[in-house]
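So you can see what is in the structure, the chains are spelled out below.
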Amino acid sequence: MSKIALCGNPNSGKTSIFNALTGTRQHVGNWPGVTVEKKEGHYTYNQEKIKVVDLPGTYCLTANSIDERIARNFIVEEMPDTTIVIIDQTNIERNLYLVTEILEMRKNVILVFNMSDEAEKLGIKIDYNGLKKEFGVPIIKTIATKKEGLNELKSEIKRMEKNIKKPNKIEYSQKFEIFVQKIENELLNAGVKKGDLRWKTLKLIEGDIEIRENINSGTLTKIDLIISELQRAFKNDPGIVVSEERYKYIAKIVKKYVKRPKETIRLSDKIDKIITSKLFGLPIFAFIMWLMFQLTYSLGNIFLDMIDGWFGTFAENISAAMQTAGINSLFTSFVTDGLIGGVGSVLVFVPNIFFLFLFISFLGDIGYMSRAAFVMDRIMSSIGLNGKAFIPMVLGFGCSIPAIMATRTLESKKDRIITTLVVPFMSCSARYPVYLIFASIFFPKHAGTVIFSMYMIGIVIAIISSKIFSKKLFNEENTSFIMELPPYRLPTFTETLGEALKRTWLFIKKAGTFIFAAVIIIWIMASLPSGVEYAGENSFIGIIGKIIAPIFKPLGFGFWQVAVAILFGFLAKEVVVGTLGTLFGGEELLSNVLPQYFNAASAFSLMVFVLLYFPCIAAIGAMKREIGKKWTLFQILFSTGIAYITALIAYRIGLFFI
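Quick caveat, the model's predicted, so the values are computed rather than measured. (Residues numbered from 1 in each chain as written. Predicted model: local features only at pLDDT ≥ 70, side-chain atom pairs only at ≥ 80, totals over all residues. Heavy atoms only, no water.)

Q: Please give an account of helix 19 (residues 413-422) that cites residues and values.
A: Across the 10 residues that make up helix 19, a large majority, 9, are buried. Every buried residue of helix 19 is listed here: K414, D415, R416, I417, I418, T419, T420, L421 and V422. (Buried < 20%, exposed > 50% of the residue type's maximum accessible area, 1.4 Å probe, protein only. Helix = DSSP H or I, 4+ residues; strand = E, 2+ residues; numbered from the N terminus.)

Given below as structure tokens:
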């Protein structure tokens, strides 16, 4: 089976090509960092199965960040039959830098010039035949979003299997090539294969640590002397010299084969002057977030009462039918209180969750998320991180697990660890049902604003925590922030809707599996030992709850039912509502029962605690994989401590207003 690799700059349409080839539905976003690990798929062409690997987007093959290392190691070590480089034609100069590196490896390469329609709109004209002769590799024009050029690409991949042809050698300046030749000779004497020779030579000049580790010390000493000689000749850092040589070559190529109209100020640039400005950037970001949560609450609530009423009626009908049939009352309680009451308490919020995902997906697809990271860079740099770290944080609004994985795009180990530690403070969708039910009961006129405040508190706590970690736990210098601002693109309705539906379906599946199992355990513990009142304080779950409830009394919710809900929230944050629904008989009854236990101050305090205390078990597992046991344990203890202190402050302040 043939194996091909898809590589390219972030936001070049790589994942769109992958989806079009394989028929999968990986998320496509108009912002960098959507792909943070390699994804695999297959397609069949002429009865032959072909494996496709979508590599993380990267601007070069220097292994600074984890995602860059994944891309490079696959191309170098896994040796795909064909490497396909996706090029965004609207940013051809930047994209060609990666192309030069791939061509230097002398691999089997196809260049895919994507976004042909956008290039035409901008008046960009490219001599594809000229570039094809220049590079010595096939070139295919595509519009991935419309699946144009895909058949030609599949045909070329098949043809390349039988007609392997190495790309033409890229020649840099004569002065530079003298030093390249000297190092190549040393590597040849050391037994390095000719195929890897030129690429390894250039990487050694750049000071690539991984390449240096595979060269014997004697040869490395001789090469270092040549590199020192090069540095004196060019009077510049060797790595910069390599970059300058590549960009000179790219400039020559672009001048010869690319024609574009005179520079004019594009509409997106005019919009960016306002959206990313120092004066308006942060207020606009805050307003967009506030509007998103207001709309999510308002639109979702149109359906919430209807679904809530349906679950209530369904439970009553099932209970009556089971009693009429003479079914054991314990089993009836299990179905109505446990299954319908527990799982139903979570599922009633599906419309709100859908609208939340819809708005987040839309903001990413139009290109606003990159602007948000740029706007936040001024704040992030003041706390020892850069704006790029804000992208995993924004992803955390959906789910902490992909957000934690997205920290792989950060070059600095310090940035990766700190960002991973604070990502759980960004309120994920699993906490959303908790906010919805308490905000709608205790703050009905301002529910959207109260929910918005939870997200803002999470951001503020994340920023303060990052500052503390950066100053007290790490001594590394701040990394520079370089991020592409993609052009604004109006997403297709099917893509945005499809992404929202996919993530909502995952939420429903979680309710039907993980939360389903949790509420069964809770119901069993609430029903035992035999003969006790269901969900009474003498049941097993009541006994456990009474032990830990006093801890939460200073926060305003020292009730054993709430203590148990918080404890089981370790499994998944939706279980907090599921537990309360199981113990109190479903979401419909919660609106009547909760005011007996809470006031506005304690309700807000609980929301703050749920926002900040330790993440769910799945997020903890992802964290352990990315930063290790020590930092994961630290995060659990730190976040729980911060949650307690912040909730205590919120409760005490709230008491002054009621």
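Further notes follow.
Q: Mind laying out the side chain of S429, listing which residues take part and the relevant values?
A: Secondary-structure assignment places S429 in the loop between helix 19 and helix 20 (432-442). Side-chain polar atoms of S429 contact the backbone oxygen of G398, separated by 2.8 Å. In this view, S429 contacts I353, L356, F357, F397 and G398; residues no more than four positions away in its chain are not counted. (Polar contact = N/O pair within 3.5 Å; in protein donor to acceptor, adjacent residues only side chain to side chain. Contact = heavy atoms within 4.5 Å.)

Q: So what about the nonpolar core? Which residues, and what values?
A: It is characteristic of soluble globular proteins that their nonpolar side chains tend to be buried jointly. The biggest cluster of nonpolar side chains holds 127 residues, and the ones touching the most others in it are F390 and F438. Ranked by the residues each element gives to this core, the list is headed by helix 21 (residues 447-472), at 11 residues. Once you skip the residues sitting within four places of it in the chain, F390 turns out to touch F285, A372, A373, M376, M380 and M426. Formed by 57 residues, the second largest nonpolar core is a distinct cluster that contains V53, L96, F113 and I139. (Core = buried A, V, L, I, M, F, W, Y, C linked by side-chain atoms within 4.5 Å.)

Q: Break down the sheet that holds strand 4 (residues 82-88) for me, citing the residues and quoting the values.
A: Taken in spatial order, the 6 strands line up as 2-3-1-4-5-7 in an open sheet, and their pairing is mixed. Of all the strands in the sheet, just strand 2 (39-45) and strand 7 (139-141) have a single pairing partner and so form its edges. Strand after strand, the sheet turns through a mean of 25° between neighbouring axes, direction not considered. Pairing of strand 1 (residues 2-8) with strand 4 involves 5 bridges; the strand directions are parallel. By the bridge assignment, I4 is partnered in strand 4 with T82. Packed onto the sheet, helix 3 (residues 92-104) meets strand 1, strand 4 and strand 5 (109-114) and runs at close to 165° relative to strand 4. (Pairing = 2+ DSSP bridges. Axes fitted to C-alpha atoms, helices over the stretch in contact; angles between N-to-C directions.)

Q: Tell me about the side chain of K154, residues and numbers included.
A: Tracing the backbone shows K154 in helix 6 (residues 150-162). It is E152 that comes nearest to the buried, bridge-free K154 among opposite-charge side chains, at 9.8 Å. (Lys, Arg positive; Asp, Glu negative; His and termini not counted. Salt bridge = Lys/Arg side-chain N within 4 Å of Asp/Glu carboxyl O.)

Q: Quick rundown of the pairing of strand 5? Include the residues and the values.
A: Counted residue by residue, strand 5 has 6 buried out of 6 residues, so it is predominantly covered. Burial along strand 5 is two-sided: V109, L111 and F113 and I110, V112 and N114, pointing in opposite directions, are all buried. With 6 bridges connecting them, strand 4 and strand 5 associate as parallel partners. By the bridge assignment for strand 5, I87 is matched with F113. In terms of handedness, the path from strand 4 via helix 3 over to strand 5 forms a crossover that is right-handed. Where strand 5 and strand 7 come together, 3 bridges link them in parallel fashion. What sits directly across from F113, in strand 7, is K141. (Right-handed = clockwise from strand over helix to strand, strands pointing away.)

Q: So what about the confidence of the model for the chain? Which residues, and what values?
A: Mean pLDDT over the chain: 85, with 93% of residues reaching 70 or higher. Scored below 50 in pLDDT, residues 27-35 makes 43 contacts in the model with residues more than four places away or belonging to other chains. (pLDDT = per-residue confidence, 0-100.)

Q: Can you break down the environment of A190 residue by residue, with the values?
A: Structurally, A190 can be placed in the loop between helix 7 (174-189) and helix 8 (194-206). For the pair A190 and T219, spaced 29 residues apart in sequence, the C-alpha to C-alpha distance is 6.8 Å. When near neighbours in sequence (up to four residues on either side) are disregarded, A190 contacts N216 and T219.

Q: Pulling in residues and values, what's your account of unusual backbone geometry?
A: Residues L528 and P529 are joined by a peptide bond in cis, for which omega reads 0°. Look at N46: it is not a glycine, yet its phi comes out positive at around 50°. Structurally, the position occupied by N46 is in the loop between strand 2 and strand 3 (48-54). Its identity is not glycine, yet R106 carries a phi of approximately 60°, on the positive side. In this structure, R106 sits in the loop between helix 3 and strand 5.

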